[in-house]
Amino acid sequence: MASFSSEDAFQDSAALSLNDVESLQSFRSRSASFSSTGSSGRLQLRQRVSQLMACVEDISSDDEIHEEVSRTLDEAFRIWGKKLKDKWQEFRLHLVTWNVGTASPPPDVTSLLQLNSLGPTVDMYVIGLQEVNSRITNFLSDLAFDDPWSIFFMTVLSPLGYIKLSSIRMQGLLLLLFVKHVHLPFIRDIHTHYTRTGLYGYWGNKGGVTVRMSLYGHTVCFMNCHLPAHIENTEQRLDDFEKILEMQFEGENIPSTLDHDVLFCFGDLNFRIADYGIHFVRESINNKRYNLLWEKDQLNMAKKKEAFLQEFIEGPLQFKPTYKFDLYSDVYDTREQKSLFWFNEKKRKPAWTDRILWRVKNLCQHVSKEGEFTEEEQTISVTLNNYISHMSYGISDHKPVTGTFGLELKPLLSHPLVTLNPEGEWSAEHDVLISYSAAPELPSSAWDWIGLFKVAFRHVNDYVTYAWVEDDEISSNKDSKQVYMSAAEIPDMGGEFLLCYYSNNLQSIVGISQPFQIQPNRTLIRKDLTQEENSWMQKPDNLASQDEF
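Residues numbered from 1 in each chain as written. Predicted model: local features only at pLDDT ≥ 70, side-chain atom pairs only at ≥ 80, totals over all residues. Heavy atoms only, no water.

- An unreviewed UniProt entry annotates the protein as Inositol polyphosphate-5-phosphatase K originating from Athene cunicularia.
- Reading the Sequence similarities (unreviewed entry) entry of the UniProt record for the protein gives the comment "Belongs to the inositol 1,4,5-trisphosphate 5-phosphatase type II family." (UniProt positions renumbered as here; feature names shortened; annotations may be inferred.)

**Observations regarding helix H7 (residues 148–157)**
Logical step 1: Looking only at H7, the buried set comprises Trp149, Ser150, Phe152, Phe153, Met154 and Leu157.
Logical step 2: Of the surrounding elements, those touching the buried residues of H7 are strand E1 (89–99), strand E2 (124–130), strand E3 (162–170) and strand E4 (173–180).
Logical step 3: The opening residue of H7, the one whose side-chain oxygen lies 3.0 Å from the backbone nitrogen of Trp149, is Asp147. (Buried < 20%, exposed > 50% of the residue type's maximum accessible area, 1.4 Å probe, protein only. Helix = DSSP H or I, 4+ residues; strand = E, 2+ residues; numbered from the N terminus. Contact = heavy atoms within 4.5 Å. Polar contact = N/O pair within 3.5 Å; in protein donor to acceptor, adjacent residues only side chain to side chain.)

**A short note on the sheet that holds E1**
Logical step 1: Across the sheet, which stays open at both edges, the six strands sit in the order E3-E4-E2-E1-E13-E12 with mixed pairing between neighbours. At either end of the open sheet lies a strand with only one pairing partner, and these are E3 and strand E12 (380–389). Strand-to-strand, the axes of this sheet are offset by a mean angle of 15 degrees, without reference to chain direction.
Logical step 2: Here E1 pairs with strand E13 (residues 401–409) via nine bridges, running antiparallel. In the sheet register, Leu93 faces E13, and the bridge partner there is Phe405.
Logical step 3: Here H7 sits on the sheet and contacts E1, E2, E3 and E4; the angle it forms with E4, its principal contact strand, is near 15 degrees. (Pairing = 2+ DSSP bridges. Axes fitted to C-alpha atoms, helices over the stretch in contact; angles between N-to-C directions.)

**Re the packing of aromatic side chains**
Logical step 1: Enumeration over the complete set of coordinates arrives at 26 aromatic pairs.
Logical step 2: Here the aromatic rings of Trp98 and Trp149 are separated by 5.8 Å at their centres, their planes lie at 75 degrees, and the arrangement is edge-to-face. With a gap of 51 residues between them, Trp98 in strand E1 and Trp149 in helix H7 connect regions that are remote in the sequence.
Logical step 3: For Trp98, a relative accessible area of 0% corresponds to the buried category.
Logical step 4: The buried category is assigned to Trp149, whose relative accessible area is 2%.
Logical step 5: Between Phe264 and Phe405, the aromatic rings sit 5.0 Å apart at their centres with planes inclined by 70 degrees, giving edge-to-face as the arrangement. Remark: Phe405 occurs in strand E13 and Phe264 occurs in strand E8 (residues 262–268); sequence separation between them is 141 residues. (Phe/Tyr/Trp six-rings, centres within 6.5 Å; stacked < 30°, edge-to-face > 60°.)

**Side note on the state of the cysteines**
Logical step 1: Applying the stated criterion to the full structure yields zero disulfides.
Logical step 2: The cysteine Cys221 is free of any disulfide, with Cys265 supplying the nearest cysteine sulfur at 7.2 Å.
Logical step 3: With no disulfide of its own, Cys265 has Cys225 as its nearest cysteine by sulfur position, at a separation of 5.7 Å.
Logical step 4: On the basis of relative accessible area, Cys265 is assigned to the buried category, the value being 0%. (Disulfide = S-S within 2.5 Å.)

**Details of the sheet that holds strand E14 (residues 418–423)**
Two pairing modes exist for strands in a sheet, parallel and antiparallel, and in both the strands are linked by backbone hydrogen bonds.
Logical step 1: Spatially, E14-E16-E20-E19 is the arrangement adopted by the four strands of the open sheet, whose pairing is antiparallel. Looking along the sheet, the strands with just one partner apiece sit at the ends: E14 and strand E19 (473–476). In this sheet, adjacent strand axes meet at a mean angle of 25 degrees when their direction is disregarded.
Logical step 2: Bridge analysis of E19 against strand E20 (residues 481–485) gives three bridges, and the strand direction is antiparallel. Among the inter-strand pairings, Ser475 is bridged to a residue of E20, identified as Gln482.

**Remarks on the nonpolar core**
Across soluble globular proteins, nonpolar side chains show a tendency to be buried alongside one another.
Logical step 1: Core analysis: the biggest nonpolar cluster contains 54 residues, and Met124, Phe222, Phe264 and Leu407 have the highest contact counts within it.
Logical step 2: Shared between two domains, this core holds at least three residues of each, these being domain 2 (89–333 + 349–362 + 378–409) and domain 3 (418–525).
Logical step 3: Discounting chain neighbours no more than four positions away, the residues touching Phe264 are Leu93, Leu95, Cys221, Phe222, Met223, Leu357, Trp358, Val382, Phe405 and Leu407. (Core = buried A, V, L, I, M, F, W, Y, C linked by side-chain atoms within 4.5 Å. Domains from an automatic or database assignment.)

**Section: the side chain of Lys164**
Logical step 1: With respect to the helices, strands and loops of the structure, Lys164 is situated in strand E3.
Logical step 2: Not counting residues up to four positions away in its chain, the partners in contact with Lys164 are Asp146, Met154, Leu176, Leu177, Phe178, Arg458 and His459.

**Some words on unusual backbone geometry**
Residues apart from glycine generally show negative phi values, whereas peptide bonds are mostly found in trans.
Logical step 1: A cis geometry characterises the amide bond from Tyr323 onward to Lys324, with omega recorded as 5 degrees.
Logical step 2: Within the secondary structure, Lys324 sits in the loop between helix H11 (298–305) and strand E9 (354–360).
Logical step 3: In the Ramachandran plot, Gln114 falls in the positive-phi region, its phi being about 55 degrees despite a non-glycine side chain.
Logical step 4: Its location among the elements puts Gln114 in the loop between E1 and E2.

**So, the environment of Val460**
Logical step 1: Following the sequence through the fold, Val460 ends up in the loop between strand E17 (449–454) and strand E18 (465–468).
Logical step 2: Residue classification places Val460 among the partly exposed positions, given a relative accessible area of 22%.
Logical step 3: For the pair Val460 and Ile509, spaced 49 residues apart in sequence, the C-alpha to C-alpha distance is 7.8 Å.
Logical step 4: Setting aside chain neighbours within four positions, we find Val460 in contact with Ile163, Trp449, Phe453, Tyr502 and Ile509.

**Let's talk about the pairing of E18**
Logical step 1: Side chains of E18 alternate between two faces, with Thr465 and Ala467 buried and Tyr466 and Trp468 left unburied.
Logical step 2: Note that E17 and E18 share four bridges and pair antiparallel. Pairing of Ile450 across the sheet is with Ala467, part of E18.

**Things to note about helix H8 (residues 234–247)**
Logical step 1: With 14 residues, H8 should cover 20 Å at 1.5 Å per step; its first-to-last C-alpha distance of 20 Å lies within 8% of that length.
Logical step 2: Among the residues of H8, those classed as buried are Thr234, Arg237, Leu238, Asp240, Phe241, Ile244 and Leu245. Seen from one end, H8 has its buried residues packed into an arc of 165 degrees, which puts them on one side. Opposite the buried face of H8, at more than 90 degrees from it, the exposed residues are Glu235 and Glu246.
Logical step 3: Positive backbone phi, approximately 65 degrees, marks Phe249, located one or two places after H8. (Expected span 1.5 Å × (residues − 1). Arc of directions from axis to C-beta.)

Now the structure itself:
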């Protein structure tokens, strides 16, 4: 068989490919022209890269041309990486799952929410709780008013600039989402759903609750689950998990959970450590050799066999199993469990029952019938920054687990549907005006309204007052509209406020103003001060002191 040098092989390549390689130094300028010609330019560029790859196969690492090709490709990747970085943004997400065992909120959640973290600010908190107190008196009260856990987290997060975006409750399952104000106009199509699996689907002590949305144009779904307990119920857990995934938003004009760009599943999934005895498990934990237990973790075992689980990702279990602990301690179960007829039930074996999984929808190349490649660009990715348990919390026999994520995404929405601002200086002494403009694609409704909120407002219904965009409109042109609010509805004491435009069709805030000041009603304040002064002067004690003089 004849042998060829790399130079001979290179010269034997197609003439067009040879010319391309010889003019590598002008590669950047040609690429720039291709980028401006749209899809035809991209097709030509693919063809040129394909030709280049054919040449690269025959280039020896000793050739001078090899070094030039490497330098040029490195430069191309550097430029492309910078271009991507300029277009993408990071959305920081902190997710909590905690079986609270019917307990009331703890006095402090600073470490749980990482409020003292020196890292980047969290953009969204997702808090999934299981076994929230759902006794009949508590549950009926919570239906009429916010439950104690929701109130607790709103009290902590609203002064920090977070609003409760959405929530859903199914008996003991509660899912809460809080987000920074700045993101509100870019979060749309919020929907909630729940699926019961307890007592064959008739009881909601087990099951899943879900919130889904469009986040900067990307579909994202959060699912909080509580699956059946006990080590022997693995199959039931898997059946229920799959059922919850399939039934969320079934029959609605909403993508299924698995059709979302990103899906987070978390909660008290109740998977246990199989085969190993309690002494081996505890000894492995005491020696921090958690890896010895991973292969017998029922969820890890199921992910190798169950097709619906194989695309889910989980961070490494580098923390102690989170169940079962004595209350207010970091000591695993020491109490004898009381069985129905005798005190002979075994202590519970530690297990990683509390988990956070995620799944990114595959965006890959598809081949058309003509054999040409069409690309669907991947515009969102998920990075796990940390996955830990929090041993200091002892209100239940579970320890909470948190995951902090970076969502690297290319925003598909860059402008809010509505821009609005207060007209002139606002005062509680006179009527005020709001100016707003709406994008053509806004699905406006007669039920849309603009709310006046304190800067640290808790949720969308926490407004001070509001105006209907149609009923209270006073002027309109092609560029903007004006709406008025009566002085009688403006807070007399003034302060710092925001305006938010709420879309009834989208069921979300689609526009938010910058914070602004409202001047207090000085006349009313002077009147109140005068009345207080007169009241003080007329008190019997003050009159007696005057008589002494």
